[in-house]
Amino acid sequence: MPSITSLLIGRSGLRTANTGIKTTSHNVTNAMTPGYTRRSVVQEAGAPINQLGASIGTGVATSNIVRATDRLLTERRIAGAGSSARAEKEAAVLGQTERFFDETNVDRSPRKMQIFFDSLAAASADISDESLRRSFVNSAENLADSVTNTAEELLAQQTAIVSELRALVPEINNRLEEIGVLNA
């Protein structure tokens, strides 16, 4: 019987060593892969068998293969990537929104507002001049139209952003399910 036990102990050692060689091979193969972290084999002694008052070892087994990572560093890297992506998206949206308020474009509300106040000042200076009053009314109508157009464009932009977010929800849910499966 002791010879069979010795063979079983030897087999467990060979299996564990084989797992170690495969893990090392995997580490060497992926050493230059961006984001790859080294893996290590965690070995555990088998529970001994007590026979005739003596403990007989049962060999070794692979209990786990773990990645060599710093949890804090990984969490910070993930948070940083999220913050960076969020900042990029905010910059893109703000860049789109900024064009609605371009002061140099005569078709945009800020320029129309300046024209409105200039015509108001001119009409106030000479209230008897009908052409100045007509110019003031025209500038007021143009400003109102421009504000309405800007509001409609902003609502269209908001609708597009909401649609984009809604389209991302199923993908996010799928990834969360995958993470849940991996964590299980």
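Please read these numbers as outputs of a predicted model, since none were measured by experiment. By convention here, each chain's residues receive numbers from 1 onward along its written sequence. For this predicted model, a pLDDT threshold of at least 70 governs which residues receive local features, and a threshold of 80 or more governs which side-chain atom pairs are given and counted, while totals over whole chains, interfaces and linings are taken from all residues. Heavy atoms throughout the structure, all of them, feed into the side-chain values; hydrogens and water do not.

Student: Which parts of the structure should I look at to understand the overall build of the protein chain?
Tutor: To qualify as a helix, a DSSP run of H or I must reach at least 4 residues; to qualify as a strand, a run of E must reach at least 2; elements of each kind are numbered from the N terminus. Helices and strands together make up the secondary structure of the protein chain, namely 4 helices and 4 strands. The helix and strand sequence of the protein chain, counted from the amino end, reads α-β-β-β-β-α-α-α. A radius of gyration in this sense is built from C-alpha atoms; the matching globule rule multiplies 2.2 Å by the number of residues raised to 0.38. Against the compact-globule benchmark of 16 Å for 184 residues, the protein chain has a radius of gyration of 36 Å, which places it well outside the compact range. For the protein chain, the spread of C-alpha atoms along the principal axes amounts to about 120 × 30 × 25 Å. The buried label goes to any residue with under 20% of its type's maximum accessible area, the exposed label to any with over 50%, and the partly exposed label to all in between, with areas taken from a 1.4 Å probe on protein chains only. In the protein chain, which comprises 184 residues, the proportion classed as buried is 10%. The method behind every accessible area is Shrake-Rupley, applied with a 1.4 Å probe, and residues are considered shielded solely by the protein chains displayed. Summing over all exposed atoms, the protein chain offers an accessible surface of approximately 14,100 Å²; the carbon and sulfur share of this is 59%. With 19 positive and 21 negative side-chain charges, the protein chain shows a separation of 18 Å between the mean positions of the two kinds. Positive: Lys, Arg. Negative: Asp, Glu. His and the chain ends are not part of the count. By convention, the point assigned to a charge is CZ for Arg, NZ for Lys, CD for Glu and CG for Asp.

Student: Before we go on, may I ask you to explain the pattern of salt bridges in this structure?
Tutor: Once the charged atoms of two side chains with opposite charge are near each other, the side chains can pair. Note on definitions: salt bridges are taken to be side-chain nitrogens of Lys or Arg within 4 Å of carboxyl oxygens of Asp or Glu. Counting across every chain of the model gives 5 salt bridges. With a shortest N-O distance of 2.8 Å, Lys-89 and Glu-164 are connected by a salt bridge. A residue pair is termed long-range when its members are at least 10 positions apart, and Lys-89 in helix 2 (residues 71-98) and Glu-164 in helix 4 (residues 130-183) qualify at 75 residues. Across the pair Glu-130 and Arg-134 runs a salt bridge, and its minimum N-O distance is 3.4 Å. Within this pair, Glu-130 and its partner Arg-134 are both found in helix 4, separated by 4 residues, close to a single helical turn. You can call Glu-130 partly exposed: its relative accessible area is 49%.

Student: Any chance you could explain the packing of helix 2 against helix 4 here in plain terms?
Tutor: How two helices pack is summed up by the angle between their axes together with the distance between the axes. Throughout, an axis means a line fitted to C-alpha atoms (over the contacting stretch in the case of helices), and angles, computed between N-to-C directions, take values from 0 to 180 degrees. Put simply, helix 2 and helix 4 touch, their axes get as near as 11 Å, and they point 155° apart. The orientation of helix 2 relative to helix 4 falls into the category roughly antiparallel. In this structure, helix 2 crosses over helix 4, and the sense of that crossing is right-handed. From helix 2, Lys-89, Val-93, Gln-96 and Thr-97 reach across to helix 4, where they touch Leu-154, Gln-157, Ile-161 and Glu-164. In terms of residue class, the contact of helix 2 with helix 4 is built from 3 nonpolar, 3 polar and 2 charged. Any angle between 65 and 115 degrees counts as roughly perpendicular, while under 35 counts as roughly parallel, over 145 as roughly antiparallel, and the rest as oblique. Crossing handedness follows the turn of the near helix against the far one: under a right angle anticlockwise gives a left-handed crossing, and clockwise gives a right-handed one. Any two residues whose heavy atoms approach within 4.5 Å are treated as being in contact. Each residue is assigned to one of three groups, with Ala, Val, Leu, Ile, Met, Phe, Trp, Tyr, Cys and Pro labelled nonpolar, Asp, Glu, Lys and Arg labelled charged, and all others, Gly among them, labelled polar.

Student: Would you mind showing me how to read a nonpolar patch on the surface here?
Tutor: Residues Leu-165, Leu-168, Ile-172, Leu-176 and Ile-179 make up a contiguous nonpolar surface patch of about 450 Å² in total accessible area. Here Leu-168 shows up in helix 4. Look at Leu-168 and you get partly exposed, because its relative accessible area is 35%. For patches, a residue must show more than 30% relative accessible area and have no salt bridge; joins then use 9 Å for like charges and 5 Å for nonpolar side chains, namely Val, Leu, Ile, Met, Phe, Trp and Tyr.

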